[in-house]
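# Coordinate analysis (summary)
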Amino acid sequence: MRPRRLLHKVWLSLLTLPVLGFIFFPILWLVNASLSTQVELFAIPPHWIPQHPTFQNYLDIFFPSLAASSVPRTFAIALLNSIKIATAVTLICITIGSLAAYALVRIPFRFNRAIQIGILGTRMIPEVSLILPLFIVASSLQLINKPAVLIIAYMSFALPYAIWMMAAFFQTVPIELEDAARIDGCSRVGILRRIVMPIAVPGLISTAMFTFLLAWDEFFYALIFTSTLAAKTAPVAIAEFVGRYVVNITGMMAGGVLAALPPVILGLIFQRYIVSGMTAGAVKG
Amino acid sequence: MAAVPASLPRRRPSLRQQDARLAWLLIVPSLVVILGVTFWPILYTFILSFFNVPTGIHQVRTFVGLGNYLQMVKDRTFWETIGRTLHFTVVSVGLELVLGLAIAQLIHSRPWGWRFLRFSLIIPWAVPTIVNGAMWRWIYSADFGALNGILMQLGLIKHYIPWLTLPNLAMNLVIVADVWHMMPFVALILQSALATLPEELEEAAAVDGANALQRFWNIRLPMLRPAILVALIVRTVDAFRVFDIAYIITSGGPAFRTVTITYLTYLNSFAFGKQGIGAALSFLISIFSILMAFLFIRLLYRPEEVQ
């Protein structure tokens, strides 16, 4: 029996290898390529590990004023725009979304259920169906190429998502705790501030992480609404350079790796919450 | 303000009314934002779909009734695009479910390094869509791509091939990139669902002589159904409206072979100057998404009815 079990375990463990290969090969190749020179990248057959590794592509993005080509300068600004916009979206969603989520979960009132379903429904409306009216209004208000337009537009997917995710966390706060506080004379606002919010802090943090990831990942609105460096985000910068031929490809690869780092690091830190975030709204309301 | 029992002075609003008032106060900021950036625009899009909308915001719009919809369905490109979008949706979601379930099973059977495998799955999922697309575009590159590099070193090809210009292959190459990105999503959801399943049933079935395949098919799979449905619906809604990854890997080429329905909407609205057609197309995508949303809500609100 034991040797058979062991054999089974060895066989299963061998099966993980192709899966890990499929996951890691593309990403390791990208990182290696971003560490090579332009000349080495085009070597045939390819150098899987650069013979003359260089951090120049990364240094160029961190110190754009010293860079020779325009690629790292654009990336440096676009990454900063992405950070600003995603942070603003996250802060707004957490602030107004947590209040709404609490009311929907814990206070019975007319239309409560209807609003819940309406908000869940908006999660399903694609960006492409909202873009024309938003574009028409943004143009007439002179908001094109301003970070504000992206922050507002991103609310269309980030806010419903944040509300649903936080609602799921508020539901885990024991209602007995709130009842006890009310009997002791604590007001609703007091309950929200002193009892519910402190308990829901881990939930608020993981909701913030997911909202940040959604905003960081967004491409469609950013493509339509921004064309200058004033508001262009990292995905738009990548897309713009990828479409051209004779550019600094290894520089772009370094930009891509940097744009992937914040979400990957956040994802790995918050791995415990990822599945509940993925299925936000999948908790009975 | 202390809570007041409902039986005290009549003039003061009851606790319930106070509560309702507070609830509205808490909800109003979010509600205003959602009405402004979602409900109003979707209505406006619906209205625009009945007009001929020339480019330039100061041009006069003319009412054309169902004209945009008629023009849309008469166009062969539209039906070809629906076909391509279905190709992408069915193949990528199908692969993601099958591979995701297999990997979830693998993690669940606890091989050496299962924690590392579960941890690793987060990486492709977290990589931004555009970075993922650019990465695969470079992997498929005809000049320096890793795919050509491997095949050459294995002796399978003699010279580099421009993969993304091959008409029949392009969409499938985009699908591979999407599977790399989203298969972990399915695997992680199913793995966490597997972890919550009771083991007694399968043990009892094993005692009664059911083999591993029978146990999987007749016991485990039915119990996993709610989780599989959630993954299936979320992925289908997303895949049907795919745009970013096709835009970045192939720019719709070669010869429109990777233009999906959202891509066609984008082209009509922002490249061809046919915003009315764009509105009609995007409304169609919404209808599909909302139908899926309806299914989603029914499924999640009354899981017992969906059996």
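Computed from a predicted structure; not experimentally measured.

Each side of the interface is counted separately: chain A has 105 residues, and chain B has 95 residues. Of the roughly 9000 Å² buried between chain A and chain B, counting both surfaces, carbon and sulfur atoms make up 81%. Looking at the side of chain A facing chain B, the largest losses of area belong to Met124, Leu132 and Met278 of chain A, adding up to 8% of the total buried there. Applying the counting rule to chain A against chain B returns two salt bridges.

Turning our attention to the side chain of Arg241 of chain B. Mapped onto the fold, Arg241 of chain B is located in the loop between α9 (212–240) and α10 (244–249). Buried charge Arg241 of chain B goes without a salt bridge, the closest partner of opposite sign being Asp238 of chain B at 4.3 Å. Leave out the neighbours within four places in its chain, and Arg241 of chain B touches Arg123, Met124, Ile125 and Pro126 of chain A together with Thr262, Ile285 and Ser289 of chain B.

Judged by nonpolar contacts, the single largest core of 188 residues is most densely connected at Tyr221 of chain A together with Trp138 of chain B. Top contributing element to this core by residue count: helix α7 (residues 147–170) of chain A, with 18 residues. When sequence neighbours within four positions are dropped, the list of residues in contact with Tyr221 of chain A reads Glu127, Leu130, Ile131, Leu134, Leu150, Ala153, Tyr154, Ser156 and Phe157 of chain A. Grouped together as the second largest cluster of nonpolar side chains are six residues, Leu132 of chain A together with Tyr44, Val53 and Ala279 of chain B included.

The next point concerns α9 of chain B. Residues and elements named next belong to chain B. For α9, built from 29 residues, the straight-helix expectation of 42 Å at 1.5 Å per residue is missed by more than 12%, its first-to-last C-alpha distance being only 35 Å. In α9, a bend of some 55 degrees at Arg225 exceeds every other bend along the element, and Pro226, a proline, comes one to four places later. Sitting at the amino-terminal end of α9 is Asn211, which places a side-chain oxygen 3.1 Å from the backbone nitrogen of Leu213.

Calculation rules
- Residues numbered from 1 in each chain as written.
- Chains lettered and ligands numbered in written order.
- Predicted model: local features only at pLDDT ≥ 70, side-chain atom pairs only at ≥ 80, totals over all residues.
- Heavy atoms only, no water.
- Contact = heavy atoms within 4.5 Å.
- Buried area = accessible area lost by both parts, 1.4 Å probe.
- Salt bridge = Lys/Arg side-chain N within 4 Å of Asp/Glu carboxyl O.
- Helix = DSSP H or I, 4+ residues; strand = E, 2+ residues; numbered from the N terminus.
- Buried < 20%, exposed > 50% of the residue type's maximum accessible area, 1.4 Å probe, protein only.
- Lys, Arg positive; Asp, Glu negative; His and termini not counted.
- Core = buried A, V, L, I, M, F, W, Y, C linked by side-chain atoms within 4.5 Å.
- Expected span 1.5 Å × (residues − 1).
- Bend = angle between axes of the 7 residues up to and from the residue.
- Polar contact = N/O pair within 3.5 Å; in protein donor to acceptor, adjacent residues only side chain to side chain.

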